[in-house]
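Here are the chains, one letter per residue:
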Amino acid sequence: MIIHPTAEVSEAAKIGEGTRIWHQAQVREGAAIGRNCIVGKGVYVDSAVIIGDNVKVQNGAQLYHGVTLEDGVFIGPLACLTNDRFPRAITPDGDLKAAVDWEVGPIVVRRGASIGAGAIVLPGVTIGRFALVAAGAVVTTSVPDHGLVMGVPARLVGYACACGRRLEHNEGTWRCPHCGEAL
């Protein structure tokens, strides 16, 4: 395990063997990061976030309370996985909101999925296995396994192979032109 001296990692976080946490990253209490992960420069991992094994979280990404990343997930630079569908700083009475005044909206990113640079994922969403969220997309609804989504709001535009390439549809089968795998 490597933790850069400028990273702030809570003693109450669990960090797996072989994981590398780089410059100015912050990992809060109760977070759990698996084995052989890379947490890039300036990444924020909120309390109780769960990260599986072999996950890459690129520079500046933000993972808020309620996020679960399964094994082999890729989070691109500056991606933001949120947790509050109805954000407000104050209550209707004008008091500063406290933790009891809001409900965590979970996000689950399934095995092998990738979230592109600058994408935003709203709470209550599941990103399917080996799905691909394009850079800059705003994901407001769940994405199926191997789904390829892009745009604002993100829309399903096709399917992605486990190797990361876009699948082609031919005679009722989705097939990868690169590795030949079919869905």
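Each remark here, short or long, concerns the structure printed above.
Fair warning: this is a prediction, and the values are worked out from it, not measured in the lab.

Reading guide: rules and limits
- Per-chain numbering applies: the sequence of each chain, read as written, is numbered from 1 onward.
- With pLDDT at 70 or above as the cut-off, local features in this predicted model cover only qualifying residues; side-chain atom pairs require 80 or more to be listed or tallied, and sums for whole chains, interfaces and linings still use all residues.
- Hydrogen atoms and water are omitted, and side-chain values are computed over all heavy atoms in the structure.
- Two strands make a pair as long as DSSP finds a minimum of two bridges between them.
- Secondary structure is summarised from DSSP: a helix means a run of H or I of at least four residues, a strand means a run of E of at least two, and numbering begins at the N terminus for each.
- Think of a salt bridge as a Lys or Arg side-chain nitrogen and an Asp or Glu carboxyl oxygen that are within 4 Å of each other.
- Throughout, exposure labels follow a simple rule: accessible area from a 1.4 Å probe, protein chains only, divided by the maximum for the residue type, with under 20% read as buried, over 50% as exposed, and the rest as partly exposed.

1. A few points about the sheet that holds strand β19 (residues 132-133)
Taking strand neighbours across the sheet as the criterion, the nine strands line up as β1-β4-β7-β10-β13-β16-β19-β21-β22 in an open arrangement whose pairing is mixed. Where the open sheet ends on each side, the last strands, each with one partner, are β1 (2-3) and β22 (155-159). Summarising the sheet, strand β13 (residues 74-75) and strand β16 (residues 114-115) pair through two bridges and their orientation is parallel. Within the sheet, the bridge partner assigned to Ile75 lies in β16 and is Ile115.

2. Some points on unusual backbone geometry
Glycine aside, negative phi is the norm for most residues, and most peptide bonds take the trans geometry. Residue Val152 is joined to Pro153 through a cis peptide bond whose omega torsion reads -5°. Structurally, Pro153 can be placed in the loop between β21 (147-150) and β22. Phi at Asn36 takes a positive value of approximately 55°, unusual for a residue other than glycine. Its location among the elements puts Asn36 in the loop between β6 (32-33) and β7 (38-39). Of note, Glu171 is a non-glycine position whose phi angle comes to about 50°, a positive value.

3. Quick notes on the pattern of salt bridges
Within the structure shown, the criterion is met by four salt bridges. Note that Arg28 and Asp46 form a salt bridge whose closest N and O atoms lie 2.8 Å from each other. In this pair, Arg28 is assigned in the loop between β5 (26-27) and β6 and Asp46 in the loop between β8 (44-45) and β9 (50-51), connecting sequence segments 18 residues apart. Looking at Arg28, the relative accessible area reads 25%, which means it is partly exposed.

4. Focus: the sheet that holds strand β15 (residues 107-109)
Pairing in this open sheet of six strands is parallel, and the strands run β3-β6-β9-β12-β15-β18 from one edge to the other. Because the sheet does not close on itself, it has two edges, and the strands there are β3 (14-15) and β18 (125-127). Relative to β6, β3 runs parallel, the two being bridged by two bridges. Across the sheet, residue Ile15 finds its bridge partner in β6, namely Ile33.

5. Some points on the pairing of β22
Direction of pairing for β21 relative to β22: antiparallel, over a ladder of four bridges. Note that in β22 the partner of Met150 across the bridge is Arg155. Linkage of β21 to β22, two consecutive antiparallel strands, is achieved through a turn of four residues, within which Gly151 is found at a positive phi near 105°.

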